[in-house]
Each structure stands twice: as C-alpha cells, then as structure tokens.
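# Residue-level structural notes
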Amino acid sequence: METKYWVVDKTVENSGSYPQLAEAAQLLKEKQTVAFPTETVYGLGADATSDEAVDKIFKAKGRPSDNPLIVHIAEEKQLEELAEEIPETAKVLMKAFWPGPLTLVVKVKKGALSKKVTAGLDTVGIRMPRHPVALALIRLAGLPIAAPSANRSGKPSPTLARHVREDLAGKIAGIVDGGETGVGVESTVLDVTAKVPVILRPGGVTKEQLEERIGKVRLDPGLKGTGARPKAPGMKYTHYAPNAPVYLVDGSTAFMQQMIDAHRKKGEVTGAIVTEETSGEIRADVVAVCGRRSSLETVARHLYDTLRSFDAQKVDVIFSEIFPREGIGRAIMNRLEKAAGHRYVKEKDVQ
Ligand code: AMP
Ligand code: MG
C-alpha cells in the first residue's frame, strides 16, 4: 500500500483548519487508517464507528484484539453520543484537563461504536487531544476517531513522524507529520466508573494533579508490580522495548559504570540511558541523554526516541538510570519498567 505523507506546521494559524488535512480526513471517512500527531505521541486513527476501519488499526500494528482502543473527540458533545452516563467527577476533570492528556473510561452507549474498539468491554476510554492538528483532523472527518499509538505493537511509541514511518510505512494510508509531539508519554487512563476513580495507566496528567481537583484517586494494583493483573488490558503486554535487553540501575553512577565495564570486558556493545546531570560521568559505546533529571518533563518528552535510538546502533545491552516515582516520574518509570521487562540491577544486592 502507498502511504501518503503530509507535512503540517502546527504553529501556522489557519483559524484551526489546515487545508493540507482535507485528503487525510477524506481517507478517514473512507474507512482508511491515518497517523497524526497529538500532544502525547502519534496516534493511528480510524473511524471508531466502523468494524472495517478499526480492524485495519489492529492489523497494521499487529495489536492483540483484546486490547481496546482510545477514542479521540474534538467537541464535548461527541462524548454524550458515546457515553451511557457521564459521572460528576468526569465533568470536573474534563473542565480542568480537556483538551489534554487524560483519557476517561466511562460506560459505553450501546451501538455507538464498533465493538472492536472496546474489545467487548462495556466501557470505553475517551479523550480530547490538546493539539491543533489532531483537533482539526477529527473535526474535518466529523467522526469519533479510534487511535492507539502509531507504532508496531511492542515497540516504543512514536514521538516523531519518522518513528511512524519506520514502523508502519506501506501498512497504512497516510501520515500527517506535525513535528515532535510534546508530552512524549501517553495519556493517563482513568476509570471514572468506580466511586474512587482508578488510574489504569499513569501518563501526562499526574496523580497529584487529579487529586487536587477530585480528592482521592487510586492506582490500579496491577501497576504496582505485585503480580496483580492490571485492569487495562493493554498493560499486561510487553511494550516499549528496544531490541537489546534493558536493565534499570538502582544505585550510584559509579555502580552503573561498573556494570557497563563488566559487559564491555565480555566484548559486548554497551548502551546507557543517562541524564544531562550524569552524562559526563558515564562511558559506554552509546551514551544517550534522555533529558534533565531536574526537569522530568524533558525526560518524558525524549524517552521513546532515546529507547528507539539503540536499535540503529546495534547495542547488545542497555543500562538505564531510574527516576523518582512522583508526578510525571510515575509514567516514566511505568514505561521504563516495561521496556526493561522489570529487570533491575541493585547496588545493595551486589556490594
Ligand atoms: P494505546 O492505545 O496504545 O495508547 O493504549 C491504550 C491503553 O488504554 C491500553 O493499555 C488499553 O488497554 C487501555 N484502555 C483502553 N480502553 C480501555 C477500557 N475501556 N478499559 C480499560 N482500559 C482501557
Ligand atoms: Mg500504545
């Protein structure tokens, strides 16, 4: 399949509509798949009301069919057409965080969406992205758009159009290139059907920010690494993994260097994920700086590009710094633990 490509400069003000998007919107109406930028990561969109269209997303990504898709909307009134009921907490959160990186899981209205979107669940995750190009495209298509991240299943999510091309060129109808995404990790998925809302996936809106608005919020026990089954079906799959194994280093920079040296001695090509603060202290074959420890937002923004960069360099093993599990750090650590398959090396175990 030929994959069409459009470049859209999101900073150019076109009263919210971009003429370059007309063809992309038309393809969505014709039940084709189109990748587009959002403020979190690139999404692979299709008409959420059509089985045929949604099926193409699962095929292009190689995504297991039991993993439901998030539906993207551009107007609040679209939510009323898709949700059976909208809890009060959802209304407060929409006002505070939409458009933005917060997905609300609500009871789905029967018949409003393709059953493949919800993977047979009676709930659906819905969000309104905070990106002028995404909003314009959804409005032009005039449809609710199902859109998971636009990567092959299991790979790090795409934060640049180039990442989408690497994974999906020839498999989808088009790619809208709107430059780098921004937040860099996916939306927070919050189940608001429970009395105390539950975070099913940490993301761009933090637990602290949610609690400021609605009081107590719980973390799905499946996220805590205790072996409990995660409630979001997608969270049980391996994800975000580069080709080489990743180890999370719980210890000092000197300990990280010791680990790297031990592998170099064995003749392995080593990689390291570090921050600006530590990069001068670490020597490995490939040293990738993912951001500043003093500003975890910068780490979130560049994490997936950093993880992807090792594949081209053919490293054998990757060691990564870890981050405090608070604010956006919770989302960063969730993604890093998945990329590493929860493998840790701990200084206190070795000394
Ligand atoms: P992605 O589409 O790659 O951003 O991943 C979406 C995540 O949201 C996956 O982990 C899904 O399992 C989860 N998700 C989507 N819809 C629902 C839902 N109705 N209930 C629970 N989790 C959901
Ligand atoms: Mg994904």
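Residues numbered from 1 in each chain as written. Chains lettered and ligands numbered in written order. Predicted model: local features only at pLDDT ≥ 70, side-chain atom pairs only at ≥ 80, totals over all residues. Heavy atoms only, no water.

Looking at an unreviewed UniProt entry, one finds the chain named Threonylcarbamoyl-AMP synthase and attributed to Heyndrickxia coagulans DSM 1 = ATCC 7050. Under Catalytic activity (unreviewed entry), UniProt gives the following word-for-word description of the chain: "L-threonine + hydrogencarbonate + ATP = L-threonylcarbamoyladenylate + diphosphate + H2O". The UniProt entry for the chain carries the following text under Subcellular location (unreviewed entry): "Cytoplasm". (UniProt positions renumbered as here; feature names shortened; annotations may be inferred.)

## Concerning the packing of helix H10 (residues 296-313) against helix H11 (residues 329-339)
When two helices pack together, their arrangement is captured by the angle between the axes and the distance separating the axes. Between H10 and H11, whose axes approach to 9 Å, the crossing angle comes to 20°. On the basis of the axis angle, H10 is roughly parallel to H11. Crossing handedness for the pair H10 and H11: left-handed. Here H10 contributes Leu296, Val299, Ala300, Leu303, Tyr304 and Leu307 to the contact with H11, which in turn contributes Gly329, Ile332, Arg335, Leu336 and Ala339. Tallied by class, the residues present in the contact of H10 with H11 amount to nine nonpolar, one polar and one charged. (Axes fitted to C-alpha atoms, helices over the stretch in contact; angles between N-to-C directions. Helix = DSSP H or I, 4+ residues; strand = E, 2+ residues; numbered from the N terminus. Parallel < 35°, antiparallel > 145°, perpendicular 65-115°, else oblique. Left-handed = near helix turned anticlockwise from the far one by under 90°. Contact = heavy atoms within 4.5 Å. Nonpolar A, V, L, I, M, F, W, Y, C, P; charged D, E, K, R; others polar.)

## Side note on the sheet that holds strand S2 (residues 34-36)
Strands sit in the order S1-S8-S2-S3-S7-S4-S6-S5-S9-S10-S11 across an open sheet of 11 strands; the sheet is mixed. Of all the strands in the sheet, just strand S1 (4-7) and strand S11 (218-219) have a single pairing partner and so form its edges. Two strands pair when backbone bridges link them, and S1 and strand S8 (residues 174-177) are joined in this way by four bridges, in the parallel orientation. Across the sheet, the residue bridging to Tyr5 is Ile175, located in S8. (Pairing = 2+ DSSP bridges.)

## Here we look at the UniProt feature "domain: YrdC-like" (unreviewed entry) in the chain
If you check UniProt for "domain: YrdC-like" (unreviewed entry), the listed places come out as residues 18-205 in our numbering. Helix makes up 31% of residues 18-205 and strand 19%, whereas the separation of the span's terminal C-alpha atoms amounts to 28 Å.

## A short note on the UniProt feature "binding site: ATP" (unreviewed entry) in the chain
In the numbering used here, UniProt assigns the feature "binding site: ATP" (unreviewed entry) to Arg63, Asn67, Thr123, Ser149, Ser157, Arg201 and Tyr240. Spanning 178 residues, the named residues are also spread out in space, since their farthest C-alpha pair is 25.4 Å apart. Checking the annotated residues one by one, the ones that line the largest pocket turn out to be Arg63, Asn67, Thr123, Ser149, Arg201 and Tyr240. Other than its neighbours up to four places away in sequence, Arg201 contacts Ile70, Glu186, Ser187, Thr188, Val189, Leu223, Met235 and Arg335. From its side chain, Arg201 meets the backbone oxygen of Ser187 in a polar contact 3.0 Å long. Assessed through its relative accessible area of 2%, Tyr240 is described here as buried. (1 Å grid on protein atoms, 1.4 Å probe; cavity = no way out; pocket = protein on both sides within 12 Å on 5 of 7 lines; lining within 4 Å. Polar contact = N/O pair within 3.5 Å; in protein donor to acceptor, adjacent residues only side chain to side chain. Buried < 20%, exposed > 50% of the residue type's maximum accessible area, 1.4 Å probe, protein only.)

## Focus on the packing of aromatic side chains
On inspection of all chains with the given rule, the structure shows two aromatic pairs. Ring centres of Tyr240 and Tyr304 lie 5.2 Å apart, and the angle between their planes is 20°; this geometry places the pair in the stacked category. Of this pair, Tyr240 sits in the loop between S11 and strand S12 (246-250) while Tyr304 sits in helix H10, and the two are 64 residues apart along the sequence. Taking relative accessible area as the criterion, Tyr304 reaches 0% and is therefore assigned buried. Pairing Tyr247 with Phe319 gives two aromatic rings, centres 5.7 Å apart and planes at 25°, and the pair type is stacked. Of the two residues, Tyr247 sits in strand S12 while Phe319 sits in strand S15 (residues 317-320), which places them 72 residues apart along the sequence. (Phe/Tyr/Trp six-rings, centres within 6.5 Å; stacked < 30°, edge-to-face > 60°.)

## Brief notes about the site of ligand 1
Inspection of the region around ligand 1 gives 18 residues, with Asn67, Thr123, Pro148, Arg201 and Gly234 positioned closest. Contact with the protein chains removes 95% of the 500 Å² of surface that ligand 1 exposes when unbound. Most atoms of ligand 1, that is more than half of them, are within 2 Å of grid points of the largest pocket. Counting only elements with at least two residues in the shell around ligand 1, the list comes to strand S6 (123-127) and strand S10 (198-201). Considering every element that reaches the shell around ligand 1, the biggest residue donor is S6, with three residues. The class makeup of the residues in the shell around ligand 1 is 11 nonpolar, five polar and two charged. (Near = heavy atom within 4 Å. Areas by Shrake-Rupley, 256 points an atom, 1.4 Å probe, with all protein chains shown as cover. Sits in = over half its atoms within 2 Å of the grid points.)

## Concerning the pattern of salt bridges
Across all of its chains, the model carries 21 salt bridges by this definition. In this structure, Arg325 and Glu337 form a salt bridge, with 3.0 Å as the shortest nitrogen-oxygen distance. Taken together, the residues span a long stretch of sequence, with Arg325 in the loop between S15 and H11 and Glu337 in helix H11 at a distance of 12 residues. Relative accessible area serves as the criterion here: at 9%, Glu337 is assigned to the buried category. The structure contains a network of salt bridges with shared partners spanning Arg162, Glu166, Asp167, Asp305 and Arg308. (Salt bridge = Lys/Arg side-chain N within 4 Å of Asp/Glu carboxyl O.)

## Considering the packing of helix H4 (residues 88-97) against helix H8 (residues 207-214)
The contact between H4 and H8 brings their axes to 10 Å, and the two run at 120°. Put simply, H4 runs oblique to H8. Between H4 and H8 lies a crossing whose hand is right-handed. Taken together, the residues of H8 that come into contact with H4 (itself represented by Thr89, Val92, Leu93, Ala96 and Phe97) are Gln209, Leu210, Arg213 and Ile214. Split into classes, the residues belonging to the contact of H4 with H8 amount to six nonpolar, two polar and one charged.

## Looking at the environment of Pro158
Its location among the elements puts Pro158 in the loop between strand S7 (145-146) and helix H7 (161-168). According to the relative accessible area criterion, Pro158 is buried, its value standing at 0%. Sequence spacing of Pro158 and Arg308 is 150 residues, and the spatial spacing of their C-alpha atoms is 9.1 Å. Pro158 has contacts with Val41, Tyr42, Ser149, Ala150, Asn151, His163, Val164, Thr181 and Arg308, leaving out every residue within four places of it along the chain.

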